[in-house]
Amino acid sequence: MDFEKRLKHAINKGRAAKDEETRQEVGKSMSEEEFRNLHLQYRLELTEHIDSCLKKLADHFPGFQFSTVMGEEGWGSRITRDDVNLSRGKAQTLYSRLEMIVRPFTETHIIELVAKATIRNKETFNRSHYQFVAEADVQSFQDLMDLWILEFAEQFSFQS
């Protein structure tokens, strides 16, 4: 690497470090109320995205029931479905669900997404993802939700 490239690299590295330091200082200087308000804003955006995506998913698979989740565990949505399998003269109920919630605000100042999926009585995943509120990126949460929902849709259509 010639000197010019190394010089540009060093300058960019220094600027990136300064930007990170500034972000951390801003995060430290936020009041508790500002953290709460920011968490609330992110939660509203994320729960709207969850609602929209799960309603679309339920439209593609008739029989799923959509419901909103609001409680101590968090806010979000779930879709559920009961099927009956008749084989060898026995009736078996097969339960499927996908639930995504955003956890309530805590003193750790994180925004946390939790997803649970069950297909035909078998848990397919139980995941969570979090970011610090001061550094949160809503788009990355939405991309992750989309990925998890698409994974559920693919697995459900394969197993049905």
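My aim in this report is to walk through the structure given alongside it, one point at a time. These numbers were taken from a predicted model, which means no experiment stands behind them. (Residues numbered from 1 in each chain as written. Predicted model: local features only at pLDDT ≥ 70, side-chain atom pairs only at ≥ 80, totals over all residues. Heavy atoms only, no water.)

### Digging into the overall build of the chain
- Regarding its fold elements, the chain presents three helices and five strands.
- In the chain, the succession of helices and strands from N to C terminus is α-α-β-β-β-β-β-α.
- Relative to the globule expectation of 15 Å for 160 residues, the C-alpha radius of gyration of the chain, 21 Å, shows a markedly less compact shape.
- Taken across its 160 residues, the chain has 36% of its residues classed as buried.
- When contacts within the chain are restricted to residue pairs at least 6 apart in sequence, long-range pairs at least 24 apart make up 52% of them. (Helix = DSSP H or I, 4+ residues; strand = E, 2+ residues; numbered from the N terminus. Rg over C-alpha atoms; globule rule 2.2 N^0.38 Å. Buried < 20%, exposed > 50% of the residue type's maximum accessible area, 1.4 Å probe, protein only. Contact = heavy atoms within 4.5 Å.)

### Some points on a nonpolar patch on the surface
- A cluster of nonpolar side chains, F3, L7 and I11, forms an exposed patch at the surface whose accessible area comes to about 290 Å².
- Here F3 is to be found in helix 1 (residues 3-29).
- Residue F3 is classed as exposed on the basis of its relative accessible area of 57%. (Patch = residues over 30% accessible without salt bridge, like charges linked within 9 Å, V, L, I, M, F, W, Y side chains within 5 Å. Areas by Shrake-Rupley, 256 points an atom, 1.4 Å probe, with all protein chains shown as cover. Salt bridge = Lys/Arg side-chain N within 4 Å of Asp/Glu carboxyl O.)

### Observations concerning the nonpolar core
- Judged by nonpolar contacts, the single largest core of 34 residues is most densely connected at L57, I79, L98, M100, I111 and F152.
- Looking at this core, the elements that each hand over two or more residues are helix 2 (32-60), strand 3 (90-102), strand 4 (110-119) and helix 3 (138-159).
- Filtering out sequence-adjacent residues up to four positions away, L98 remains in contact with L54, L57, S77, R78, I79, K116, A117, F125, I149 and F152. (Core = buried A, V, L, I, M, F, W, Y, C linked by side-chain atoms within 4.5 Å.)

### What to know about the pattern of salt bridges
- In total, this model carries five salt bridges according to the counting rule given.
- We note a salt bridge from E151 to R127, for which the minimum N-O separation is 2.9 Å. Pair noted here: E151 is in helix 3 and R127 is in strand 5 (residues 122-132), with a separation of 24 residues, a long-range link.
- Among the ionic contacts, a cluster of salt bridges with common partners joins R78, R97 and E99.

### Notes on the side chain of S96
- Looking at the element boundaries, S96 is found in strand 3.
- The exposure class of S96 is buried, given its relative accessible area of 0%.
- Those residues in contact with S96, other than ones at most four positions away along the chain, are F64, I79, T80, R81, T118, I119, R120 and F156.

### Notes on the environment of F156
- Within the element layout of this structure, F156 appears in helix 3.
- Sequence spacing of F156 and T124 is 32 residues, and the spatial spacing of their C-alpha atoms is 9.7 Å.
- When sequence neighbours within four positions are dropped, the list of residues in contact with F156 reads F61, F64, R81, S96 and I119.

### Points about a negative patch on the surface
- A contiguous patch of negative charge, built from E32, E33, E34 and E107, is present on the exposed surface.
- Assignment of secondary structure puts E107 in the loop between strand 3 and strand 4.
- Accessibility expressed as a relative area gives 66% for E107, which makes it exposed. (Lys, Arg positive; Asp, Glu negative; His and termini not counted. Charge placed at Lys NZ, Arg CZ, Asp CG, Glu CD.)

By themselves, these figures tell us nothing about what the structure is for.
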